[in-house]
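Observations on the three-dimensional arrangement
Here is how the chains run, residue by residue.
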Amino acid sequence: MQVGFLRLQALHRARELCRRYRRTRRCVGLFQARGRGLLVRRAYRRRLGAVLTLQAHARGMIARRLCRRLRAEHVRFPGQRRPAAQPGGAGPGRVRGE
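In what follows, the accompanying structure is described. (Residues numbered from 1 in each chain as written. Predicted model: local features only at pLDDT ≥ 70, side-chain atom pairs only at ≥ 80, totals over all residues. Heavy atoms only, no water.)

1. Comments concerning the pattern of salt bridges
Evaluated as defined, the whole model comprises two salt bridges. Residues Glu 16 and Arg 19 are paired through a salt bridge, measuring 2.4 Å at the closest nitrogen-oxygen approach. Of this pair, Glu 16 and Arg 19 both sit in helix α1 (residues 2–76), three residues apart, which is roughly one turn of that helix. The exposure class of Glu 16 is partly exposed, given its relative accessible area of 30%. (Salt bridge = Lys/Arg side-chain N within 4 Å of Asp/Glu carboxyl O. Helix = DSSP H or I, 4+ residues; strand = E, 2+ residues; numbered from the N terminus. Buried < 20%, exposed > 50% of the residue type's maximum accessible area, 1.4 Å probe, protein only.)

Now the structure itself:
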């Protein structure tokens, strides 16, 4: 009788241990997934910040170039308005087909 009880107890403990192992593995997998997700979000935010900084610098460079050109035109033609753009897309100083 005691042998049967010991086998039953061993079976119960084995099932309980298996259940705990599966639960622990599932928890570890969720923990790893959340950790990886956090790292990916951080990297995305850092990369997005770098892209936005590059875009801002490029826009600033374009604006400064335009400002220099407008100042140079103003020095060359003081008091005059800038010539209007010609129909067809060819503006002043531009050659059609460029």
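2. Digging into a nonpolar patch on the surface
On the surface, Tyr 44, Leu 48 and Leu 52 cluster together into a nonpolar patch covering about 310 Å² of accessible area. Note on placement: Tyr 44 falls in helix α1. (Patch = residues over 30% accessible without salt bridge, like charges linked within 9 Å, V, L, I, M, F, W, Y side chains within 5 Å. Areas by Shrake-Rupley, 256 points an atom, 1.4 Å probe, with all protein chains shown as cover.)

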